[in-house]
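Letter by letter, the chains look like this.
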Amino acid sequence: MSRTEAPPLPEPLRVPVADSHTHLDMQDATVEEGLARAEAVNVTAVVQVGCDVKGSYWAAETAAAHPSVHASVALHPNEAPRIVHGDPDGGARQGAREPGGRAALHEALAEIDALAALAHVRGVGETGLDHFRTGPEGIAAQEESFRAHIEIAKRHGKALVIHDRDAHADVLRILAEEGAPERTVFHCYSGDAEMARICAAAGYFMSFAGNVTFKNAQPLRDALAVAPVELVLVETDAPFLTPAPYRGRPNAPYLVPVTLRAMAEVRGTDEDTLAAAVYDNTARAFDF
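We now turn to the structure provided with this report. (Residues numbered from 1 in each chain as written. Predicted model: local features only at pLDDT ≥ 70, side-chain atom pairs only at ≥ 80, totals over all residues. Heavy atoms only, no water.)

### Side note on the sheet that holds strand E6 (residues 184-186)
Read across the open sheet, the eight strands follow the order E1-E2-E3-E4-E5-E6-E7-E8; overall the sheet is parallel. Unpaired on one side and paired on the other, strand E1 (17-22) and strand E8 (232-234) mark the two borders of the sheet. In this sheet, adjacent strand axes meet at a mean angle of 30° when their direction is disregarded. For strand E7 (residues 205-208) and E8, the ladder comprises three bridges, and the chain directions are parallel. Directly across from serine 207, in E8, lies its bridge partner leucine 233. Sitting on the sheet, helix H2 (residues 53-65) touches strand E2 (43-49), strand E3 (69-73) and strand E4 (121-130), and the angle it makes with E3 is about 160°. Helix H9 (residues 256-267) rests against E1, E2, E7 and E8 of the sheet, and its axis sits at about 150° to E8. (Pairing = 2+ DSSP bridges. Helix = DSSP H or I, 4+ residues; strand = E, 2+ residues; numbered from the N terminus. Axes fitted to C-alpha atoms, helices over the stretch in contact; angles between N-to-C directions. Contact = heavy atoms within 4.5 Å.)

Laid out in structure tokens, this is it:
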């Protein structure tokens, strides 16, 4: 089986569910094809997430054109240092860039701020901290960007979508210092059960992706088991994090049922009950 071949459509869910975090602009299918496949398995809503200014405009435009798509806009945590310090190797999708300094970061944040005011933009994110891909020289830019996104989300009354990679304590600290928005979502939740209890006490939503199905992900499953059902979401983060048994092949919103069924097994509940709760939670988190 080719690693580039799309997995087959899973058995449809009986109860509709939403994909709380996807990147349709990074997937091979057209938006219409991706949404049709998702609809075929009862994934009836998706949150399209921007990672830079261009992608955020695309997310907003796509949400305006498709009722089942809801947009979230932001500068990804790894985008902020690229704007400030440049990206000479061109590792990001935008190619090589010259340093723009803090002024360029502030200009980009102003564009995100303007997009966040739009009615069909339901979230601000993915923002947060990434200590895995960004070294010490980029931390200040990440933190400044994260704090700015928190303020934007609160001022516009939008959900805050958090990217937290190897940065649990600092993310929680900055949320406490700034005051988290009323609706805060930990995208691709990556903490353990103890952190899940901290998030639950704060009322933060925890969105679980396909990596909850990986063999080495027992700490994630332990977190899922203790997370209050009213704070649990499901996502693909497509085209990344394809659930087992399709790990390594392209991910897409139509594979949400694979992850949701694994989550139901971890929680000892039936898939219909979990799907209904997850849909309601996602609609509440993103106000749709």
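### A closer look at the nonpolar core
The biggest cluster of nonpolar side chains holds 80 residues, and the ones touching the most others in it are Val17, Phe146, Leu175, Phe186, Tyr189 and Phe208. Ranked by residues supplied to this core, first place goes to helix H4 (residues 101-116) with six residues. (Core = buried A, V, L, I, M, F, W, Y, C linked by side-chain atoms within 4.5 Å. Buried < 20%, exposed > 50% of the residue type's maximum accessible area, 1.4 Å probe, protein only.)

### Remarks on helix H10 (residues 271-286)
The terminal C-alpha atoms of H10, which comprises 16 residues, lie 22 Å apart, in line with the 22 Å expected from a rise of 1.5 Å per residue. Of the residues making up H10, those classed as buried are Glu271, Leu274, Ala275, Ala277, Val278, Asn281, Thr282, Ala283, Ala285 and Phe286. Two residues or fewer past H10, aspartate 287 is found with a positive phi of approximately 55°. (Expected span 1.5 Å × (residues − 1).)

### Notes on the packing of helix H5 (residues 139-156) against helix H6 (residues 168-178)
Geometry of a packed helix pair, given as the angle between the helix axes and the separation of the axes. Between H5 and H6, the least distance of the axes is 11 Å, while the angle of their chain directions is 45°. Considering their axes alone, H5 and H6 lie oblique with respect to each other. Here the hand of the crossing between H5 and H6 comes out right-handed. Across the interface between the two elements, Glu143, Phe146, Arg147, Ile150 and Lys154 from H5 touch Val171, Arg173, Ile174, Leu175, Glu177 and Glu178 from H6. (Parallel < 35°, antiparallel > 145°, perpendicular 65-115°, else oblique. Left-handed = near helix turned anticlockwise from the far one by under 90°.)

### Details of the environment of glutamate 5
Position of glutamate 5 relative to the elements: it lies in the segment before E1. The class of glutamate 5 is partly exposed, set by a relative accessible area of 40%. Remark: the alpha-carbon pair of glutamate 5 and asparagine 211, spanning 206 residues in sequence, is separated by 19 Å. Excluding residues that lie within four positions of it along the chain, glutamate 5 makes contacts with Arg249 and Pro250.

### Side note on the pairing of E4
Extensive coverage of E4 is indicated by the burial of nine of its ten residues. Alignment of E3 against E4, held across three bridges, turns out to be parallel. By the bridge assignment for E4, serine 72 is matched with glycine 123. Direction of pairing for E4 relative to strand E5 (residues 159-165): parallel, over a ladder of six bridges. Residue pairing across strands places aspartate 130 opposite arginine 165, the latter belonging to E5.

### Considering H2
Relative to the 18 Å expected for 13 residues at 1.5 Å per residue, H2 spans 19 Å between its end C-alpha atoms, a close match to the ideal helical length. Every buried residue belonging to H2 is among Val53, Gly55, Ser56, Ala59, Ala60, Thr62 and Ala63, and all of these are buried. Those residues of H2 that are buried are in contact with helix H1 (31-40), E2, E3, H4 and E4.

### Some thoughts on unusual backbone geometry
Cis geometry marks the peptide bond from alanine 238 to proline 239, where omega comes out at 15°. Cis geometry is adopted by the peptide bond preceding proline 245, which originates at alanine 244 and carries an omega value of 10°. Mapped onto the elements, proline 245 comes out in the loop between E8 and H9. Its identity is not glycine, yet aspartate 237 carries a phi of approximately 55°, on the positive side. As for its position among the elements, aspartate 237 is in the loop between E8 and H9. With a relative accessible area of 10%, aspartate 237 lands in the buried category. The phi dihedral of aspartate 287 is positive, around 55°, even though this residue is not glycine.

### Here's the deal with the state of the cysteines
Enumeration over the complete set of coordinates arrives at zero disulfides. No disulfide involves cysteine 188; its sulfur sits 12 Å from that of cysteine 51, the nearest cysteine. Cysteine 188 gets classed as buried once you look at its relative accessible area, which sits at 13%. Between cysteine 199, a cysteine without a disulfide, and cysteine 188, which holds the nearest cysteine sulfur, the sulfur-to-sulfur distance is 13 Å. (Disulfide = S-S within 2.5 Å.)

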